[in-house]
Amino acid sequence: MEDEHEPTCRPNGSTSTGSGDDISATNAPPPPSLLQIVQKKFKDNEKVHSIFEAYQLKNQEHANRILAVVSSLSGGTYAIISLSIVRTPIRFPTDLTCTNVFPLNESFQILVDGNKGFKSQLKFELLTGDGKPATFYYYIMKSEKESLFFDDFYAQIVSFKMSMSDRHLSPDFELSYVWLNDYRQVGEVKQELKNRESEYTVYNNYKIYCATWNVNDKSFMNSNMNLWLSCSTEPPDIYAIALQELNNSTEAVILKDTRLDPAWIRKMLDSVHPDSQYEELRSVRLVGLLLTIIVRKGLKAHISRCRINSITRGILKMMGNKGAVAISLQLNEGNICFVNSHLAAHMANVAERNQDYNIIEKDLMFDDDQRHIRDHDHIFWIGDLNYRLQIPPDIPASWLRDKNNPFEAMLIHDQLLQERVQRNCFVDYMEGDIKFCPTYKYNPGTDNYDTEKMRAPAYCDRILWKGDRIEQLAYNSVMEMRESDHKPVYAIFNVKIKTRDEKKYKRVQEEVLKAVDKRENDNQPQITVDTTVIDFGVVTFNELAIRDFTVSNNCPLPVNFQFRIKDPPLNAICEKWLKVDPHNDTLPIDTERTIRVKLLPDVRSIRGLLKKIRTTNLKFDFDTLILHVENGADKFISVTGSYQPSCFGLSMETLCRTDRPMCQYSQEDIKQLMNDVTPDYRVTMPREFFLLIDYLHKQGPKLVGTFQTDKPQLPLVGNFNLVRDWLDTWSEDPFPGDAQSAAVALLLLLKLPEQPLLEPLVGHLLESKSKAEAMEYIDILSAPKRNVFMHLCMFLRVGIECQYYELHQVASVFGRILLRSKEYTRGDFNTRCSEVMMHFIGPDIMDNPPLIGNGGGNVQVSAQFLNTS
Amino acid sequence: MATTPRSGGASGAAQRPNGTSQNKSCQFKLVLLGESAVGKSSLVLRFVKGQFHEYQESTIGAAFLTQTICIEDTVVKFEIWDTAGQERYHSLAPMYYRGAQAAIVVYDIQNQDSFQRAKTWVKELHKQASPNIVIALAGNKADLSNIRVVEFDEAKQYAEENGLLFMETSAKTGMNVNDIFLAIAKKLPKNDGANNQGAGAGRRLNENETNRQTNNCCK
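- Chain B appears in an unreviewed UniProt entry as small monomeric GTPase from Drosophila lebanonensis.
- Per UniProt, the comment on chain B under Subcellular location (unreviewed entry) is "Early endosome".
- Turning to chain B, the UniProt annotation filed under Catalytic activity (unreviewed entry) states: "GTP + H2O = GDP + phosphate + H(+)".

- Per an unreviewed UniProt entry, chain A is named Type II inositol 1,4,5-trisphosphate 5-phosphatase, and its organism is Drosophila lebanonensis.

### Considering the overall build of chain B
Consideration 1: Scanning chain B from terminus to terminus reveals 5 helices and 6 strands.
Consideration 2: Going residue by residue from the N terminus, the α and β elements of chain B occur as β-α-β-β-α-β-α-β-α-β-α.
Consideration 3: Out of the 219 residues in chain B, the part that is buried amounts to 58%.
Consideration 4: Contacts in chain B between residues at least 24 apart in sequence constitute 74% of all its contacts with a sequence separation of at least 6.

### Section: the packing of helix H1 (residues 40-49) of chain B against helix H5 (residues 177-187) of chain B
Residues and elements named next belong to chain B.
Consideration 1: At their nearest, the axes of H1 and H5 sit 9 Å apart, and the two run at 85 degrees to each other. Classified by the angle between their axes, H1 and H5 sit roughly perpendicular to one another. Residue-level contacts link Leu43, Arg46 and Phe47 of H1 to Val177, Asn178 and Phe181 of H5.
Consideration 2: Considering only residue class, the contact of H1 with H5 consists of 4 nonpolar, 1 polar and 1 charged.

### Section: a nonpolar patch on the surface
Residue and element names in this part refer to chain A.
Consideration 1: A grouping of Val112, Tyr154, Val158 and Met162 is seen on the molecular surface, where their side chains present a nonpolar patch of about 320 Å² in accessible area.
Consideration 2: Per element, the largest residue contribution to the nonpolar patch is 3 residues, and it comes from helix H3 (residues 150-168).
Consideration 3: Structurally, Met162 can be placed in helix H3.
Consideration 4: Look at Met162 and you get exposed, because its relative accessible area is 52%.

### Remarks on the layout of surface pockets
Consideration 1: Quantified by volume, the second largest pocket comes out at close to 1,500 Å³.
Consideration 2: Taken together, 41 residues line the second largest pocket, and the ones lying closest to its centre are Pro569, Glu575, Gly608, Lys611 and Lys612 of chain A.
Consideration 3: Where the lining of the second largest pocket is concerned, the elements lending two or more residues are helix H13 (606-615) and strand S28 (623-629) of chain A together with helix H2 (93-97) of chain B.
Consideration 4: Considering every element that reaches the lining of the second largest pocket, the biggest residue donor is H13 of chain A, with 5 residues.

### Focus: the sheet that holds strand S10 (residues 278-286) of chain A
Within a sheet, each strand pairs with its neighbour through backbone hydrogen bonds, oriented either parallel or antiparallel.
Residue and element names in this part refer to chain A.
Consideration 1: The 6 strands are arranged S10-S11-S9-S8-S20-S19 in an open sheet whose pairing can be described as mixed. Each having just a single partner strand, S10 and strand S19 (470-477) make up the two edges of the open sheet. Averaged over all neighbouring strand pairs, the angle between strand axes comes to 20 degrees, with direction disregarded.
Consideration 2: Sheet analysis places strand S8 (residues 201-214) next to strand S20 (residues 489-500), joined by 12 bridges and oriented antiparallel. When the sheet's bridge partners are listed, Ala211 is paired in S20 with Tyr490.

### Some details on the packing of aromatic side chains
Geometrically, a pair of aromatic rings is defined through the distance of the ring centres and the angle of the planes.
Residues and elements named next belong to chain A.
Consideration 1: Within this structure, the stated rule accounts for 52 aromatic pairs over all chains.
Consideration 2: An angle of 40 degrees between the planes, with centres 4.7 Å apart, marks the rings of Tyr209 and Tyr239 as tilted. On the criterion of sequence distance, the pair formed by Tyr209 in strand S8 and Tyr239 in strand S9 (residues 238-244) is long-range, its members being 30 residues apart. Of the two residues, Tyr209 and Tyr239, both sit in the buried class.

### Here's the deal with the side chain of Lys207 of chain A
Residues and elements named next belong to chain A.
Consideration 1: Relative to the assigned elements, Lys207 resides in strand S8.
Consideration 2: Although Lys207 is buried, it forms no salt bridge, and the closest oppositely charged side chain is Glu234 at an N-O distance of 4.1 Å.
Consideration 3: The residues contacting Lys207, other than those within four sequence positions of it, are Glu234, Pro236, Asp237, Ile238, Leu473, Phe493 and Asn494.

### Remarks on the confidence of the model for chain B
Residues and elements named next belong to chain B.
Consideration 1: Per-chain confidence: chain B averages 80 in pLDDT, with 76% of residues scoring 70 or above.
Consideration 2: Contacts of residues 1-22 to residues separated by more than four positions or lying in other chains number 92 contacts, the stretch itself having pLDDT below 50.
Consideration 3: Confidence drops under pLDDT 50 across residues 192-219; counting only partners more than four residues distant or on other chains, this segment forms 123 contacts.
Consideration 4: Listed scores for the predicted complex are pTM 0.68 and ipTM 0.83.

### Thoughts on the pairing of strand S6 (residues 165-168) of chain B
All names here are of chain B.
Consideration 1: The pairing of strand S5 (residues 134-140) with S6 spans 4 bridges and is parallel. Of the residues in S6, the one forming a bridge with Leu137 is Phe166.
Consideration 2: Crossover S5 to S6 through helix H4 (residues 152-161) is right-handed.

### Remarks on the nonpolar core
Residue and element names in this part refer to chain A.
Consideration 1: In this structure, Phe707 and Phe814 are the most contacted members of the largest nonpolar core, which totals 107 residues.
Consideration 2: Two domains each donate at least three residues to this core, and these are domain 4 (528-644) and domain 5 (679-866).
Consideration 3: When residues no more than four places from it in sequence are discounted, the contact partners of Phe814 are Phe707, Leu746, Leu747, Leu750, Leu792, Leu796, Leu819 and Met837.
Consideration 4: Cys306, Leu411, Phe436 and Val489 belong to the second-largest nonpolar core, a separate cluster that totals 44 residues.

### Here we look at the pattern of salt bridges
Pairing between side chains becomes possible if they bear opposite charge and their charged atoms approach one another.
Consideration 1: With the rule as written, the count across this model stands at 50 salt bridges over all chains.
Consideration 2: As a salt-bridge pair, Asp710 of chain A and Arg816 of chain A come within 3.6 Å of each other at their nearest N and O atoms. Of this pair, Asp710 of chain A sits in the loop between helix H16 (687-699) and helix H17 (720-728) while Arg816 of chain A sits in helix H22 (residues 807-818), and the two are 106 residues apart along the sequence.
Consideration 3: Residue Asp710 of chain A is classed as buried on the basis of its relative accessible area of 5%.
Consideration 4: With a closest N to O distance of 3.3 Å, Asp108 of chain B and Lys141 of chain B form a salt bridge. Of this pair, Asp108 of chain B sits in strand S4 (residues 102-108) while Lys141 of chain B is found in the loop between S5 and H4, placing the two residues 33 residues apart along the sequence.

### Quick look at the packing of H22 of chain A against helix H23 (residues 829-841) of chain A
All names here are of chain A.
Consideration 1: Two elements in contact, H22 and H23, have axes separated by 7 Å at closest approach and are oriented at 110 degrees. As the angle between them shows, H22 and H23 are arranged roughly perpendicular. Where H22 crosses over H23, the two elements pack in a sense that is right-handed. Facing H22, whose interface residues are Leu807, His808, Val810, Ala811, Ser812, Phe814, Gly815, Arg816 and Leu818, H23 presents Phe829, Asn830, Cys833, Ser834, Met837, Met838 and Ile841.
Consideration 2: Across the contact of H22 with H23, the residue classes break down as 10 nonpolar, 5 polar and 1 charged.

### Considerations on helix H20 (residues 771-779) of chain A
Residues and elements named next belong to chain A.
Consideration 1: What H20 keeps buried is the set Ala774, Tyr777 and Ile778. For H20, the arc enclosing every buried residue in end-on projection is 100 degrees, short of the 170-degree limit, so these residues lie on one face.
Consideration 2: The inward-facing, buried residues of H20 contact helix H19 (762-767), helix H21 (783-801) and H23.

### Describing the pairing of strand S4 (residues 96-103) of chain A
Residue and element names in this part refer to chain A.
Consideration 1: Counting buried positions along S4 gives 7 out of 8 residues, so the element sits mostly inside the fold.
Consideration 2: The pairing of strand S3 (residues 77-85) with S4 spans 7 bridges and is antiparallel. Bridging from a neighbouring strand, Ser82 pairs with Asn100 of S4.

### Some points on helix H9 (residues 350-363) of chain A
Residue and element names in this part refer to chain A.
Consideration 1: Taking 1.5 Å of rise per residue, 14 residues should cover 20 Å, and H9 covers 20 Å from first to last C-alpha, within 8% of that figure.
Consideration 2: All of the buried residues along H9 are Val350, Arg353, Asn354, Asp356, Tyr357, Ile359, Ile360 and Glu361.
Consideration 3: Residues of H9 that are buried in the fold lie against strand S12 (303-312), strand S13 (323-331), strand S14 (334-342), strand S16 (371-372), strand S17 (378-384) and helix H11 (415-421).

Reading guide: rules and limits
- Residues numbered from 1 in each chain as written.
- Chains lettered and ligands numbered in written order.
- Predicted model: local features only at pLDDT ≥ 70, side-chain atom pairs only at ≥ 80, totals over all residues.
- Heavy atoms only, no water.
- UniProt positions renumbered as here; feature names shortened; annotations may be inferred.
- Helix = DSSP H or I, 4+ residues; strand = E, 2+ residues; numbered from the N terminus.
- Buried < 20%, exposed > 50% of the residue type's maximum accessible area, 1.4 Å probe, protein only.
- Contact = heavy atoms within 4.5 Å.
- Axes fitted to C-alpha atoms, helices over the stretch in contact; angles between N-to-C directions.
- Parallel < 35°, antiparallel > 145°, perpendicular 65-115°, else oblique.
- Nonpolar A, V, L, I, M, F, W, Y, C, P; charged D, E, K, R; others polar.
- Patch = residues over 30% accessible without salt bridge, like charges linked within 9 Å, V, L, I, M, F, W, Y side chains within 5 Å.
- Areas by Shrake-Rupley, 256 points an atom, 1.4 Å probe, with all protein chains shown as cover.
- Salt bridge = Lys/Arg side-chain N within 4 Å of Asp/Glu carboxyl O.
- 1 Å grid on protein atoms, 1.4 Å probe; cavity = no way out; pocket = protein on both sides within 12 Å on 5 of 7 lines; lining within 4 Å.
- Points joined across faces, edges and corners; volume = space filled by probe spheres on them.
- Pairing = 2+ DSSP bridges.
- Phe/Tyr/Trp six-rings, centres within 6.5 Å; stacked < 30°, edge-to-face > 60°.
- Lys, Arg positive; Asp, Glu negative; His and termini not counted.
- pLDDT = per-residue confidence, 0-100.
- Right-handed = clockwise from strand over helix to strand, strands pointing away.
- Core = buried A, V, L, I, M, F, W, Y, C linked by side-chain atoms within 4.5 Å.
- Domains from an automatic or database assignment.
- Left-handed = near helix turned anticlockwise from the far one by under 90°.
- Arc of directions from axis to C-beta.
- Expected span 1.5 Å × (residues − 1).

Here it is in structure tokens:
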């Protein structure tokens with residue numbers, strides 16, 4: 001029987017259950033794998049089949065993604081769910097958030113773009129019918145060993161999609177993607193916010209001051225740099241200060257010196273516009289190249305990302321005497337890149353300069369987010385680009401040295417302008433008109449062109465830009481700074497930086513969230529039930545009753561429903577006396593389903609049912625079922641009716657409080673009797689018990705074969721219910737069964753009450769050392785229990801004496817019933833039960849009948865019983 | 001096996017390294033409790049849809065609705081479980097308030113019994129709900145304050161003594177309805193935490209929830 005508790009003591013040497021703390025103490029569990037972490041993002045009935053590492057380009061930003069191929073048991077469907085990484089390393093499910101959902105439905109497509117260049121081969125698109133395809137890129141090398149290779153990922157998706165297409169053909173299986181709604185919202189909100197970006201985006205003006213100077217390996221510490229750095233009328237917001245040939249020493253070149261001297265930064269800070277306060281944001285150095293970003297105080301709070309990198313293009317293309325340093329930053333919603341490059345020197349090396357440029361443009365990447373120079377909204381390329389003025393042979397070399405030449409005339413021969421026209425370098429970059437003298441090459445300390453090597457003057461030092469909403473305000477050189485053989489150059493820009501208007505953003509966000517909430521609330525799957533109360537009417541012990549109710553789906557979605565499992569200790573969808581079928585199901589649109597509820601208060605469940613009747617204060621329901629709609633509300637279904645009391649399951653005390661047949665009592669009456677604790681009994685022992693013993697006693701030899709087990713065979717045989725009614729009506733008719741059925745009824749009468757007959761002394765009796773001690777305990781039982789026990793023992797002794805049944809067998813059977821115990825956990829429970837019983841029904845007792853407090857012999861008890869009835 | 005952490009996680013928005021923070025977002029489970037016919041469903045309907053029905057049908061079960069509000073730089077999504085108030089269903093209430101980060105205990109200012117019942121709910125929550133639960137007491141039907149039997153000061157004092165937020169509300173006029181949810185959102189902890197749940201994943205109650213840790217955190 002289910003609620004029977006056998007002592008659980010195991011013999012020595014039984015195997016451990018293996019949960020041992022000793023094991024876990026020495027071996028810490030291994031950290032969860034990425035697949036396990038991803039699995040934890042999902043529910044129990046959703047399985048992550050595989051993961052695939054990819055990245056996306058969002059607003060020119062590279063964003064790493066983990067694509068999880070997930071299936072839902074309830075929906076019978078598959079989907080790819082794109083997870084973005086909140087932080088690394090990924091250790092908890094919370095380090096990932098769902099950004100996009102791609103159900104593998106009929107419209108799903110995975111497009112592989114294979115026939116372009118080397119880079120775009122690693123690109124694919126996911127498309128789910130409604131909306132634009134989402135583009136993903138993947139790496140040739142995978143960093144997670146659990147991640148699939150692309151071909152396997154592709155094959156798996158195709159195979160899952162096909163497996164569902166097959167099932168689409170089956171008319172009685174409806175695929176559901178409802179489960180995906182749980183993962184959809186964040187992505188949806190983001191997408192909608194993005195779509196409405198123009199409503200909350202404003203462009204704020206920022207002044208950006210770019211400056212470049214090739215210092216020719218000279219110290220600039222004593223130069224009057226404010227001539228170069230504070231040329232604007234208004235104080236700029238950002239300075240990008242680029243120096244070249246900071247240190248040409250072989251040592252610096254070989255060691256790829258990247259050390260920064262704080263004195264340089266201090267010198268720059270001392271030289272910038274005096275009308276505002278500035279601080280350094282970031283600097284990056286590579287040998288002779290230095291790029292420093294200085295920002296107006298207060299601006300840092302608006303800068304959310306700042307990265308540096310550099311690339312060498314010097315001797316053997318490995319040394320740092322040429323190359324580039326760059327800084328990438330995000331100001332509000334705008335991404336800005338500053339590049340300081342020193343390209344290949346000498347008149348003839350135009351191709352090398354172009355190559356240097358192209359390599360820098362292609363290879364310089366801000367590693368942590370895989371961002372190239374071109375992936376910025378605003379790019380400023382500053383430096384000694386080293387392009388020269390190349391005049392045709394028919395013009396005398398000295399012509400360039402004439403300071404009266406118009407700049408335009410000279411710039412016709414500028415290699416950079418020519419190469420840009422040819423689209424060999426700086427494609428799509430802009431440069432302001434040059435209205436200043438060539439910046440190279442001067443005799444240091446003078447404004448005179450080089451006389452030592454007679455180098456041709458050239459516009460080596462340049463500032464170019466690329467991007468929208470950039471306006472150049474000034475572009476000039478500073479002749480008065482004479483320390484180097486180059487003149488410094490500066491350019492001032494007004495840049496309109498994309499900025500989120502927080503107020504407008506908040507308003508749009510609220511609208512978007514509201515719309516999403518509304519859709520979510522309005523599209524909740526719903527079912528209707530034809531009743532919330534199932535009335536079973538009068539319910540009788542061991543009689544099955546059946547009721548049906550109907551759930552129907554009249555909402556526009558397929559609906560999954562299930563009965564919710566209730567809290568411990570029940571841990572089931574309903575009480576033991578109920579059966580509900582089915583527990584869960586999927587309802588396609590416009591369909592209904594009959595749910596069958598069976599109620600059977602039987603041997604297994606009567607104890608619990610009577611306890612519930614005894615303890616329920618308000619209206620009694622047999623149970624309340626919780627019908628849960630996936631992604632929707634719960635409905636409560638009350639299972640009600642009234643229980644027609646029977647003697648089975650009631651305690652001997654309760655039965656002794658009755659004054660009429662049980663059939664004349666109501667559920668409410670019996671509840672009162674069960675809760676009555678007064679010692680006022682109407683009879684000395686229950687009439688039902690007495691009648692059974694009386695009948696059994698008269699069966700004589702027919703008792704052979706009875707009391708073989710304390711566990712009657714279930715279901716109870718056909719005439720049990722006749723016996724029940726005979727007892728519950730105090731029938732005058734002949735007993736409707738035989739010795740066997742009477743014996744079963746007796747065992748159940750003793751066995752079914754919530755407390756075993758010998759409670760509250762079961763523990764004491766099981767521990768008792770002697771016959772006398774056990775007898776003392778029996779003596780202090782309640783009168784009904786004591787009388788029943790003694791009467792039973794006398795009846796059993798007769799049968800044993802007559803050899804209708806065997807002493808040890810009967811002692812064991814009745815011992816386990818009368819001394820049922822949850823507390824006694826020792827292994828000798830069965831032995832002890834028999835031993836205790838033997839005191840009372842064993843042969844030696846026959847010689848010395850025990851003293852009984854109230855009652856005595858068989859005859860005497862029956863007489864008393866008859867007197868009171 | 002433990003799966004998605006339950007309600008109350010926050011879908012994390014990355015904190016920018018240099019200070020400006022993007023919106024945080026948090027998800028909280030909120031349960032409404034109180035005697036039947038005090039106006040629990042009406043309060044939810046007013047809050048979520050801005051509607052009021054004079055004859056709101058009795059809730060037999062637990063209705064589920066979501067509503068998102070923004071406070072300061074945080075997006076707070078409430079998952080609201082509106083429970084049946086009938087005593088008949090009382091034993092099922094723990095399934096709904098377990099794991100909830102917030103509860104609104106509602107009474108009717110015209111009904112003294114409902115106020116006593118509200119106190120019993122508060123006691124039960126203090127004893128059995130998660131220890132950090134934010135509880136608000138709502139004296140509903142405040143539009144009928146001329147025929148009130150529960151005095152404002154009495155309820156307010158009770159709320160103060162028991163650490164509850166307190167407002168008199170009217171689902172009919174809308175008085176204090178948004179405010180009480182807003183006050184709860186403000187009081188809920190939105191600090192960083194280890195657990196979060198992306199995308200509202202698995203926000204529903206389910207049979208395994210008992211074994212799961214809940215958390216009240218955001219990032």
